[in-house]
Amino acid sequence: MGWTTASQRTVCFTETPLEHAWMMCEKIPNRTMSFSGYGLAFTRTFARRRGANPVWYLDITLGHDWLTGPINNMVDAVREIARDPSEGGEDAAADADILRLTPFIEQMGNPSGTRKEFWWEREWRHVGHFRFQFADLVVVFAPEEEHDEFEEHLREIKTRGRLPSLVDASWGLERMIAALARVPEPGPFPD
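Cut-off values and rules
- Residues numbered from 1 in each chain as written.
- Predicted model: local features only at pLDDT ≥ 70, side-chain atom pairs only at ≥ 80, totals over all residues.
- Heavy atoms only, no water.
- Helix = DSSP H or I, 4+ residues; strand = E, 2+ residues; numbered from the N terminus.
- Buried < 20%, exposed > 50% of the residue type's maximum accessible area, 1.4 Å probe, protein only.
- Contact = heavy atoms within 4.5 Å.
- Patch = residues over 30% accessible without salt bridge, like charges linked within 9 Å, V, L, I, M, F, W, Y side chains within 5 Å.
- Areas by Shrake-Rupley, 256 points an atom, 1.4 Å probe, with all protein chains shown as cover.
- Salt bridge = Lys/Arg side-chain N within 4 Å of Asp/Glu carboxyl O.
- Lys, Arg positive; Asp, Glu negative; His and termini not counted.
- Charge placed at Lys NZ, Arg CZ, Asp CG, Glu CD.
- Pairing = 2+ DSSP bridges.
- Axes fitted to C-alpha atoms, helices over the stretch in contact; angles between N-to-C directions.

(A) Expanded view of the overall build of the protein chain. Across its full length, the protein chain holds six helices and nine strands. Here the protein chain holds 191 residues, and the buried ones make up 34% of them. Considering only residue pairs separated by 6 or more positions, the protein chain has 64% of its internal contacts joining residues 24 or more positions apart.

(B) Fine view of a negative patch on the surface. A surface patch of like charges, here negative, comprises D148, E149, E152 and E156. When you line up the elements, E149 lands in helix α5 (residues 147–157).

(C) Looking closely at unusual backbone geometry. With phi around 60 degrees, R182 is a residue other than glycine that occupies positive phi space. By the element assignment, R182 lies in the segment after α6 (173–180). For R182, a relative accessible area of 36% gives the class partly exposed.

(D) Highlighting the sheet that holds strand β8 (residues 139–141). The three strands are arranged β3-β8-β9 in an open sheet whose pairing can be described as mixed. In this open sheet, the two edge strands, each paired with only one partner strand, are β3 (39–41) and β9 (165–167). Taking each pair of neighbouring strands and ignoring which way they run, the sheet shows an average axis angle of 25 degrees. Here β3 pairs with β8 via three bridges, running antiparallel. From the neighbouring strand, L40 faces β8, where its bridge partner is V140.

(E) Seen up close, the pattern of salt bridges. Following the criterion strictly, the structure yields six salt bridges and no others. Close ionic contact of D76 with R79 constitutes a salt bridge, the shortest N to O distance being 3.5 Å. With D76 and R79 both in helix α2 (residues 68–83) and three residues apart, this pair spans about one turn of that helix. Relative accessible area serves as the criterion here: at 37%, D76 is assigned to the partly exposed category. Since its relative accessible area comes to 46%, R79 is described here as partly exposed. E151 is the partner of R155 in a salt bridge, and the nearest nitrogen-oxygen pair spans 2.8 Å. Remark: E151 and R155 occur in helix α5; sequence separation between them is four residues, near one turn of the helix. Classification of R155 by relative accessible area gives partly exposed; the value is 48%.

Here it is as structure tokens:
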């Protein structure tokens, strides 16, 4: 599944396992932000071939220094270049290699010492627009009550070939697998 961040001009993907997909649209207590039940799923291989890169997490938990030192050194070096006109100044700093890396870096942990909560989550990002063909879609996530309407729209777009499976992120794993396998009447699969 992916989402777009306008501030970084990136498209973000998650490797959330199907059994945890419901978390992607669950309301979070005491948070003003809410997720929607819509999403698109591609294979990781396809996304990687289109330039999606894994996010590097810097552990900022007290007493840890996983990659933080080397990254800070790279940033400090670019700052020095930007301040020194003989090194090319700000123009040279704008082309620094670290700037190609920073859209893929996130902080993890907490300076007070608490740990990151969702260790299973793996994130990938693509800088800029992520271009794909309709045939590249594996799954379309949408609330179940909108599946008929979505299928109608998908048939308008794709007149030939197989449509991607429609799955509700709030379904249980067994029901999602049945939908992906195109079992017409899944029977008593739990929601």
